[in-house]
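Architecture at a glance
Below are the chains, spelled out letter by letter.
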Amino acid sequence: MTQKNRLQSGGRIDRSKPLTFTYNGKQYKGYQGDTLASAMLANGIDVIGRSFKYSRPRGIIAAGAEEPNAIMQLGATEATQVPNVRATQQELFNGLVSGATNGWPSVDTDVMGVLGKVGGNMMPPGFYYKTFMYPQSMWDTYESIIRKAAGLGRSPLENDPDMYDKVNQHCDVLVVGAGPAGLAAALTAARSGARVIIADEQSEFGGSLLSSKETLNGAPASEWVSFVVDELRGYDDVMMLPRSTVNGYHDHNFLTIHERRTDHIADRAPDGQVRQRMHRVRAKWVVLATGAHERPLVFANNDVPGCMVANAVSTYITRYGVVPGNDLVLMTTNDSGYQAALDWHDAGRRVAAVVDTRKNPSGDRVDAARKRGLNLITGSAVIEVQGSKRVSGVSVAPISADGKSVAGSVTKISADTVASSGGWSPVIHLSCHTGSRPVWNEEVVGFLPGPTVQKQLTAGAINGSYSTSKALAEGQQAALDAIAALGMKAAEVVLPQAVEVNEGQPMTLFHIPHLKSTAKAPKQFVDYQNDVTAAGIELACREGYESIEHVKRYTAMGFGTDQGKLGNINGMAVAASALNKTIPETGTTIFRPNYTPVTFGAIAGRDCGELFDPKRYTAMHKWHVENGAKFEDVGQWKRPWYFPKAGESMQDALNRECKATRESVGILDASTLGKIDIQGKDAREFLGRVYTNAWAKLAVGKCRYGLMCGEDGMVFDDGVTSCLGENHFVMTTTSGGAARVYEWLELYHQTEWPEMEVYFNTVTDHWATMTISGPNSRKLLQELTDYDVSKENLGFMDWREMQVAGVPARVFRISFTGELSFEINVQANYGLHVWEKLFEHGAKYNLTPYGTETMHILRAEKGFIIAGQDTDGSVHPYDLGMGWCVSPNKPFSFIGKRGMAREDCVRPNRKQLVGLKTLDPNVVLPEGAQGVLDPNAPIPMPMVGHITSSYWSANLGRSIAMGFVKGGLDKMGEKVFYPLADGRVIEAEICSPIFLDPKGERQNV
Amino acid sequence: MQKYSGFGLFKHSLNHHEDWQRAWRNPTPKKKYDVIIVGGGGHGLATAYYLAKQFGVTNVAVIEKGYLGGGNTARNTTIVRSNYLWDEAAHLYEHAMKLWEGLSQDLNYNVMFSQRGVLNLGHTLQDMRDIERRVNANRLNGVDGEVLDPKQIKEIVPHMDCSENTRYPIMGASWQPRGGVARHDAVAWGFARGADMHGVDLIQQTEVTDLIIEDGTITGVKTNRYGEIKADRVGCVVAGNSGVLAKMAGFELPLESHPLQALVSEPIKPILDTVVMSNHVHGYVSQSDKGDLVIGAGIDGYNGYGQRGSFPTIEHTVQAIVELFPIFSRVRMNRQWGGIVDTCPDACPIISETPVKNLFFNCGWGTGGFKATPGSGNVFAASLAKGEMHELAKPFSMFRFHNGALIDEHGAAGVAH
Amino acid sequence: MFHIYCPHCGEYREEEEFHAKGQAHIARPLDPEACSDKEWGEYLFFRKNPRGLHHELWVHAAGCRKFFNVTRDTQTYEIKEVYKIGEQPSFVTEE
């Protein structure tokens, strides 16, 4: 393969390092230093894709982040596919594999293109809103066809083999962009001793200087760039980030930088390296030196491959040594556009014409063109391009002074490349991200950054200051302003001398007129990626979509992956003209993050997979794993769910665990329960305020169950709190609610009752908790302690400190199973030891470990609630039949008391928690089943409440359930029906939720 | 009146589309209307449309301070579902769902309502209990839905990680086949065009600066561009700005406005056919007809009118999506944005009479407003037409926050979109 | 992402360490039983929700666990001041 468009010399590529790459299955050559785009142009590849809607052939139009067309699929393997990579930003590496994202069977011979030609006229903006409606039943079919055309590239189908990470950064000055302004700013700030981060999206620093032939201090500008880069490299406090896009500017000067660390090396990151990194930067000051993008002009068939932005032509020639064609026609409204023709001519290829829309252009570059004898056609425009897969020629005609109409006869000129320049649009994206609205500037013919509350400074082309000397000066000044604001002392920096270029007045022109009306002329593209034309924008305006937001949304302008970097201003201009308004009257253009797209993996960083959320384990976790436990996620905890033995079904295991506990002794790891240590002379009073029941008389050595409600009177947590000393308590909470309860206690203490002397500390992780439960639990415990744990010495709802298995323990005689039960708490690091000791001694009692499921069954047999399962934030204690746990006569109006007295909370027929027995004792109601009184009622069927807890009770030999029933506490013995999804209707009888041992004799032994 | 159709499109194409009429007029307001709707978002425009079309009240103005459909209508993630837990909410959203199902034809404007189904994933035992409870309630309320196991989920969403090797394995899901997505802007525009067609005046770029209240009764509004405009009844449908208007009327609302962020990937070839939502892993995703993955999660915790939130919320959301779909790791996020959602303490809206006679509010939709658009407009229109609240709207009175009759959808909805 | 000065820790920390807890200065009625349902409902649910300056309560959840107040602009997100519980703000919000 020859690189037919490659120059013999020049550019920043390394001709000694040839690289091979693949495009659409064919191999090509390029050089180190190329982008994929420059290498494709060097090889004379014209068509790099098909347009989204009309399937028109498209070529590379720009050279950077603003490129709308060259959107490629990358990746040598399935797992390393990357969709929608901009060829102009992808550095070439050896072995790169790329392909076009659209076109079938190929981009060169595309079937859809024929359809686009025939049907294109049927597809004005918003056409889908106007059709595909009839018959209604056909919409699914229509949509499936529309959907086939969706998307650019494709997602990989295998998991990403690469890693990503994040780094938090802090700096005094973050400089965004390493062109002349950014480098001057960074140098000044760094030399003054500031902590500086300078980031640039390109592979090397220099910005516009990389692709110009400008001189600084009489030497090539790149020499000054090297000098600055070398000096910056010498500072410890300067971080230089090439290939790093500052893609978001968030509040309080927080910015995100997306660094691509290995995408220029290989298909996937080398071993041990992260592919991409997100820098999360908190900057004291930000200097935006983001430059400007050149605007192409809008003219008929301006999307034919070979049509390019003028500056891109210069960039390919100067930076990459590639002349993307043979015969150039340049159209420009301003002096800067001339540079493309000058560079083209100097590269030894033919400039067919320079078409200037101005009548009498003047300026240094115009003079240079004249001096080279270029064919200068003034007061004229390229009104139409010929060609389909490559430009073959152009129609040039004089235009009126206001640029609105063609004012003379058409001349045809043959050419294969059309460069256009409509002036420049400052890259203000980041300045908009925190809500600042940009301001239109007539002189610049563009939007400039608006007022902001961020500590943001701007320098260079972003301000419309396009000359190198101005950029340098503004960059330096921005740094000086930041240094002054930081209270630092500025160091001296002597800026290099740039050559001043005299420029004539540009013409404000966006949309080139045609002989025909815009609607009838060949398509004049504004937003290439979304196939938005000038005619489409005019149509939107004509139909009443007058706000620029309506226009954008109706036409999809600016919604591509380039986010309208080339097209938005042109589109606003077309809309303004159609509406007879000025551009600022039409509205502003707002940019959102990201500046350019960011890999999801890089945003997620390490926080997925294994590290998605921390796992919390109890001290006995190892034992559980070794003994075959199945686990349940409860909050972040891994809790044993049940302990199946070989060959057992889950129900088998539960039956065995339940029976063993009630018949002998079972053991539960209860360490995950929240534990809060509460101390202070007002601790007792505090408990009285946050629990619904009374705490004034709880003696040292005693435990009590309590309910917690919100101010609305609804139950939100529960647990046992024990009195350790006169001014010392330990509170337990649900496993999932611990953090919330802890913060809630602090909230009330700190904001409502700061006068109370009380201190809270979470001790959840400090204690390992194991509950032994069942008739033999006392015997078992007694074997491990010298303390007398007899009924007389350790009564129900007592706790004592004692040694258990040789370690200090707190033993609480409380019961969630209704059995004789001891909750042994030891320091967490003794947990496994005590647990194993219990098993050593427990073997003779058939000590059986059980998990959360058996715990649920055993407590349900006793009618004990589980907050979060039997409550849902809409029930108060009386709804739960737990009025016994409310002490309305406490002197202080406890939290929840007033709430549960509101009109709706005291009305009759509220949903109340009851027990439910199925008529057929062998049928277990599904949890979540909804009850009705009349199962034959029509849909919507009035419902009376749902099943919250439901189990097979091996001990009772039947199913048991708890659930809500409207007015249920007064309906004992009445029937409720549960119509299930499978068609069964299960009949149940309302009963007390206490299914076993209603007198509590089992636990009181 | 011009009717939209494929044939019309063809006819206009012969004429290069130069003769399309305006979708709606740009009228100067009259001195007095029967009903003024403040707020030209989806809900306000739907209200105007149904007032004129269904309830025969055509002397109606919609006053919008910006452009039509420019608030949350233009900023949501377009999910439509009606599988709410509580009867009151389910009936309201199902009313909306039924209207969605014929909306394109009713409006003669294709809102691209696409019933590709909504999955709400469960990752814990309690998630699954809640899903069972909700789906059972839905079924008995006439809302479609079923509970799926991981294998069935995998068939619907083959590219999601339904294995047991994740931090929070997928244990099951609720599945509402009739749920889906719609083209959000088109909903506002379709209602606008329909309302205009029935004589409603759509007054854009006009701000209501005060409410005219005499003896506890509203008689009109003051505007920045047209001075006073009289009305017999006024309906405020201004989402995040409700507090400002309530203050003009002299009362407060139980609302807080929060940022709600969303994001899209670059457009990729179709890979996800349904809407996938997970409260527990905390994110949701669907793929638009353009190919973008449309992604969102929960609100930011602070009050904010900035149409933007904090970056960690975006990070957590993306983590959730990559956790559910590890293959999306190399796909890229294109754009993020934020809306201002007016949230009620019980995650249900306010459709209500107010302490001021003839002044009605429709607000507090929080994160769930888009899916209700036709239903909300329909019941609000009925209420404004009769001067008393529609049966389906009655439970959503603002006074429920006094007597305690809340409709708490938090537990059931979580990520309530 | 906000940068918040914790008045208890005496330094700026990232928003990720904090939780927003809603409107500040909502005092629990001293005699709840004397409140009507309407008054209690207003204490529970009705909030100022201003577009502009707002006094709000934050907690340094992953730090010192102390609550404190912030005056913040809900439009620009600027934090104007932070002050401890019991102290009065120096910025006045629109009533």
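Only a predicted model underlies this, so the values are computations on that prediction, with no experimental measurement involved.

Re the overall build of chain A
Along the backbone of chain A there are 23 helices and 50 strands. Taking the principal axes of the C-alpha coordinates as reference, chain A spans close to 115 × 75 × 55 Å. Per-residue burial for chain A yields a buried fraction of 65% across its 1005 residues. For chain A, the share of sequence-separated contacts (at least 6 apart) that also reach a separation of at least 24 residues comes to 66%. Carbon together with sulfur atoms contributes 51% to the accessible area of chain A, which is approximately 35,600 Å² in total. Charge-centre separation for chain A: the mean point of 102 positive side chains lies 3 Å from the mean point of 109 negative side chains.

Description of the interface of chain C and chain A
Residue-level contacts link 30 residues of chain C with 30 residues of chain A. The junction of chain C with chain A conceals about 2,500 Å² of combined surface from both sides, 50% of it contributed by carbon and sulfur atoms. Connecting chain C to chain A are 5 salt bridges. One salt bridge connects Arg898(A) with Asp37(C), and the closest N-O pair in it is separated by 2.7 Å. On inspection of chain C and its partner chain A, the count reaches 21 residue pairs in polar contact (both at pLDDT 80 or more). Counting only elements with at least two residues in the side of chain C that touches chain A, the list comes to strand E3 (19–23), helix H1 (37–45) and strand E4 (53–59) of chain C. Per element, the largest residue contribution to the side of chain C that touches chain A is 5 residues, and it comes from H1(C). Class assignment of the residues belonging to the side of chain C that touches chain A gives a composition of 17 nonpolar, 4 polar and 9 charged.

Comments concerning unusual backbone geometry
All names here are of chain A. Cis geometry marks the peptide bond from tyrosine 134 to proline 135, where omega comes out at -15°. Structurally, proline 135 can be placed in the loop between helix H3 (127–130) and helix H4 (139–148). Going from isoleucine 939 to proline 940, the amide bond is cis rather than trans, its omega being -5°. Along the chain, proline 940 falls in the loop between strand E46 (930–931) and strand E47 (945–953). Unlike most non-glycine residues, aspartate 531 shows phi in positive territory, near 55°. When you line up the elements, aspartate 531 lands in the loop between strand E29 (525–527) and strand E30 (532–533). According to the relative accessible area criterion, aspartate 531 is buried, its value standing at 2%.

Some remarks on the packing of helix H8 (residues 338–346) of chain A against helix H9 (residues 364–371) of chain A
All names here are of chain A. Packing of H8 against H9 brings their axes to within 9 Å, and their N-to-C directions diverge by 35°. The chirality of how H8 crosses H9 is left-handed. Every residue of H9 that contacts H8 at Tyr338, Gln339 and Leu342 is listed here: Arg365, Val366, Ala368 and Ala369. A breakdown of the residues in the contact of H8 with H9 according to their chemical character gives 5 nonpolar, 1 polar and 1 charged.

Considering the interface of chain A and chain B
Contacts between the two partners involve 121 residues from chain A, matched on the other side by 102 residues from chain B. Interface area, chain A with chain B, both sides summed: about 10,000 Å², of which 53% is carbon and sulfur. Taken as a group, Tyr129(A), Arg147(A) and Phe600(A) account for 9% of the area that chain A buries against chain B, more than any other trio of residues on that side. At the boundary of chain A with chain B, the tally comes to 14 salt bridges. Where Arg116(B) meets Glu143(A), a salt bridge forms, and the shortest distance between an N and an O atom there is 3.0 Å. Among the elements that make up the side of chain A that touches chain B, the one with the highest residue count is strand E6 (residues 82–86) of chain A (5 residues). Here the side of chain A that touches chain B is composed, by residue class, of 48 nonpolar, 40 polar and 33 charged. Examined bridge by bridge, strand E31 (residues 598–599) of chain A and strand E16 (residues 332–343) of chain B share 2 bridges and lie antiparallel to one another. Within E16(B), the position partnered with Thr599(A) by the bridge is Arg332(B).

So, the packing of aromatic side chains
Inspection of the entire model under this criterion finds 53 aromatic pairs over all chains. Here the aromatic rings of Phe686(A) and Trp753(A) are separated by 5.6 Å at their centres, their planes lie at 80°, and the arrangement is edge-to-face. With Phe686(A) in helix H19 (residues 683–690) and Trp753(A) in the loop between helix H20 (738–752) and strand E39 (759–762), this residue pair connects regions lying 67 residues apart in the sequence. Note on Trp753(A): relative accessible area 5%, which makes it buried. Here a set of aromatic residues connected by ring pairs shows up, and it is made of Phe127(A), Tyr128(A), Tyr129(A), Phe132(A), Tyr142(A), Tyr545(A), Tyr554(A), Tyr4(B), Trp20(B), Trp24(B), Tyr109(B) and Trp189(B). The ring of Phe525(A) carries Arg58(A) above its face, with NZ or CZ at 4.6 Å from the centroid. Sitting above the plane of the Tyr168(B) ring, Arg167(B) keeps its charged end 4.4 Å from the centroid.

Here's the deal with the sheet that holds strand E5 (residues 71–74) of chain A
Residues and elements named next belong to chain A. Pairing in this open sheet of 5 strands is mixed, and the strands run E2-E1-E7-E5-E6 from one edge to the other. Two strands bound the open sheet, and with one partner strand each, they are strand E2 (26–32) and E6. Shown here is a sheet whose adjacent strand axes are inclined to one another by a mean of 40°, direction ignored. Judged from the 7 bridges that link them, strand E1 (residues 14–23) and E2 form a sheet pairing that is antiparallel. Following the sheet pairing, leucine 19 is matched in E2 by glycine 30.

As for the nonpolar core
Counting 128 residues, the largest nonpolar core has Tyr23(A), Met40(A), Tyr316(A) and Trp100(B) as its most contacted members. If we skip the residues at most four places from it in the chain, Met40(A) touches Phe21(A), Tyr23(A), Ile45(A), Ile48(A), Ile60(A), Met72(A) and Ala87(A). With 64 residues, the next largest nonpolar core counts Phe760(A), Val208(B), Cys236(B) and Phe401(B) among its residues.

A word on the sheet that holds E3(C)
Reading across the sheet, the 4 strands line up as E3-E4-E5-E6 (chain C) and stay open at both edges, with antiparallel pairing between neighbours. Of all strands in the sheet, those bounded by a partner on one side alone are E3 and strand E6 (79–84) of chain C. Neighbour-to-neighbour, the strand axes of this sheet turn through a mean angle of 30°, independent of strand direction. This element, H20(A), spans E3, E4 and strand E5 (67–73) of chain C of the sheet and lies at about 80° to E5(C).

Things to note about the pairing of strand E50 (residues 985–991) of chain A
Residue and element names in this part refer to chain A. Here strand E45 (residues 911–918) runs beside E50; their pairing, made up of 4 bridges, is antiparallel. Paired with threonine 918 across the bridge in E50 is alanine 988. Sheet topology places strand E49 (residues 975–979) next to E50; 5 bridges connect them, and they run antiparallel. Considered in E50, the bridge of valine 976 is made with alanine 988. Here E49 folds back onto E50 in antiparallel fashion, the turn holding 5 residues, of which glycine 983 has a positive phi close to 95°.

Regarding helix H7 (residues 184–197) of chain B
Residues and elements named next belong to chain B. Counted at 1.5 Å a residue, the expected span for H7 with its 14 residues is 20 Å, and the 20 Å between its end C-alpha atoms agrees. Burial analysis of H7 places 13 of its 14 residues in the buried class, the great majority of the element. Directly beyond the C-terminal end of H7, a positive phi value near 100° is found at glycine 199.

Quick notes on the environment of Leu847(A)
Among the structural elements, Leu847(A) can be located in the loop between helix H22 (831–842) and strand E44 (848–850). Along the chain, Leu847(A) and Ile667(A) lie 180 residues apart, while their C-alpha atoms are 6.9 Å from each other.

Things to note about the confidence of the model for chain C
Averaged over every residue, the pLDDT of chain C is 96; the share at 70 or more is 99%. Reported confidence for the predicted complex is 0.98 by ipTM and 0.96 by pTM.

Here we look at the packing of helix H7 (residues 310–320) of chain A against H8(A)
Angle between the axes and distance between the axes: these two values describe a pair of packed helices. Residue and element names in this part refer to chain A. In the contact formed by H7 and H8, the axes pass within 8 Å of each other and the chain directions differ by 30°. Here H7 is positioned roughly parallel relative to H8, judged by the angle of their axes. Of the two possible hands of crossing, H7 and H8 adopt the one that is left-handed. Mapping the contact onto sequence places Ala310, Val313, Ser314, Ile317 and Thr318 in H7 and Gln339, Ala340, Asp343 and Trp344 in H8.

Observations regarding H9(A)
The α-helix advances 3.6 residues per turn, and as a result positions three or four apart in sequence lie on the same side. Residue and element names in this part refer to chain A. Looking only at H9, the buried set comprises Arg365, Val366, Ala368 and Ala369. All buried residues of H9 lie within an arc of 160° about the axis, which places them on one face of the element. Looking at the buried positions of H9, the neighbouring elements they touch are H8 and strand E20 (376–378). One or two positions beyond H9, positive phi appears at glycine 373, with a value near 75°.

Cut-offs and rules
Residues numbered from 1 in each chain as written. Chains lettered and ligands numbered in written order. Predicted model: local features only at pLDDT ≥ 70, side-chain atom pairs only at ≥ 80, totals over all residues. Heavy atoms only, no water. Helix = DSSP H or I, 4+ residues; strand = E, 2+ residues; numbered from the N terminus. Buried < 20%, exposed > 50% of the residue type's maximum accessible area, 1.4 Å probe, protein only. Contact = heavy atoms within 4.5 Å. Areas by Shrake-Rupley, 256 points an atom, 1.4 Å probe, with all protein chains shown as cover. Lys, Arg positive; Asp, Glu negative; His and termini not counted. Charge placed at Lys NZ, Arg CZ, Asp CG, Glu CD. Buried area = accessible area lost by both parts, 1.4 Å probe. Salt bridge = Lys/Arg side-chain N within 4 Å of Asp/Glu carboxyl O. Polar contact = N/O pair within 3.5 Å; in protein donor to acceptor, adjacent residues only side chain to side chain. Nonpolar A, V, L, I, M, F, W, Y, C, P; charged D, E, K, R; others polar. Axes fitted to C-alpha atoms, helices over the stretch in contact; angles between N-to-C directions. Left-handed = near helix turned anticlockwise from the far one by under 90°. Pairing = 2+ DSSP bridges. Phe/Tyr/Trp six-rings, centres within 6.5 Å; stacked < 30°, edge-to-face > 60°. Lys NZ or Arg CZ within 6 Å of the ring centre and 35° of its normal. Core = buried A, V, L, I, M, F, W, Y, C linked by side-chain atoms within 4.5 Å. Expected span 1.5 Å × (residues − 1). pLDDT = per-residue confidence, 0-100. Parallel < 35°, antiparallel > 145°, perpendicular 65-115°, else oblique. Arc of directions from axis to C-beta.

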